[in-house]
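# Overview (structure and organization)
Spelled out from the first residue to the last, the chains are:
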Amino acid sequence: MSLFERKTEFGNAKPMYTLGLDKTLLIVGLGNIGKEYDDTRHNVGFACVDALANSQGIDVWSNKKDLKSFVAMGKIGDTRVVFCKPTTLMNLSGDAVQAVSNFYKIVPSDIVVIHDDIDIDFGQIRTRVGGGSAGHNGIKSISQQLGEDYGRVRVGIGPKLPEQIDSADFVLAKFSKSEQTKIPQLLKESTAILTEIIHGQKVPTETRSFII
């Protein structure tokens, strides 16, 4: 049995990206800067972009205060990749993404944002281009600055349990002990998805689930 299974969502499938030679792609991981936010559900975007960079031997991040971001760069295949972790806190992520994209002259169609999604069960990762924010303040901020036509890699952190817990308290809490044991599998899958995009494969709107 393979570790991962793939389920395609029909009706809205379309290629996510086809990247040419010497393309520049901006990969943004969303989260909050500060030790108090380390390993929380809301910071899974940071964890995923770190895992991707580390998989390519890219481990030097610069704190670009003028760009309101930690930035790293590398070449993967024929694609120059700019990695970004906003330092604005989640609600103002758009300020950082706009600053970085303007500086490197990257258009929204060459931007991929990876982030947590409370409406998707833990163990699932969904990809798409465009769409609303579904209440995610980081995505809402980015869309206000750039419009909606950028790529999304949405990492499930749901369901919210107990149901009565405030959503803000839930996303800012750490993963459960059971979930923590599966984080390496999740990071492996998110890295695979992002690597496919970087290498120019067509990534349809889909759900990918690891067996838990």
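Residues numbered from 1 in each chain as written. Predicted model: local features only at pLDDT ≥ 70, side-chain atom pairs only at ≥ 80, totals over all residues. Heavy atoms only, no water.

Our next topic: helix α1 (residues 44-55). Across its twelve residues, α1 extends 16 Å between first and last C-alpha, which sits within 8% of the 16 Å expected from 1.5 Å per residue. The complete set of buried residues in α1 reads Val44, Gly45, Phe46, Cys48, Val49, Ala51, Leu52 and Ala53. Looking at the buried residues of α1, the elements they touch are β2 (23-29), β5 (79-86), β6 (111-121), β8 (151-158) and α6 (183-198). Gly57 sits one or two positions beyond α1 and adopts a positive phi of about 75 degrees. (Helix = DSSP H or I, 4+ residues; strand = E, 2+ residues; numbered from the N terminus. Expected span 1.5 Å × (residues − 1). Buried < 20%, exposed > 50% of the residue type's maximum accessible area, 1.4 Å probe, protein only. Contact = heavy atoms within 4.5 Å.)

Before going further, it helps to examine the side chain of Lys85. In this structure, Lys85 sits in strand β5. Apart from residues lying up to four places away in sequence, Lys85 is in contact with Gly29, Phe46, Val49, Asp50, Trp61, Ser69 and Phe70.

Turning our eyes to something else, we now look at the nonpolar core. Ile27, Phe83, Val153, Leu186 and Leu194 are the most contacted members of the largest nonpolar core, which has 31 residues in total. Every element with two or more residues in this core is listed here: β2, α1, β4 (69-76), β5, β6, β8, α4 (167-171) and α6. Element by element, the count of residues in this core is highest for α6, at seven residues. Other than its neighbours up to four places away in sequence, Leu194 contacts Ile27, Leu52, Val112, Ile114 and Val153. Val97, Val100, Tyr104 and Ile142 belong to the second largest nonpolar core, which has 19 residues in total. (Core = buried A, V, L, I, M, F, W, Y, C linked by side-chain atoms within 4.5 Å.)

Purely geometric numbers; function is a separate question.
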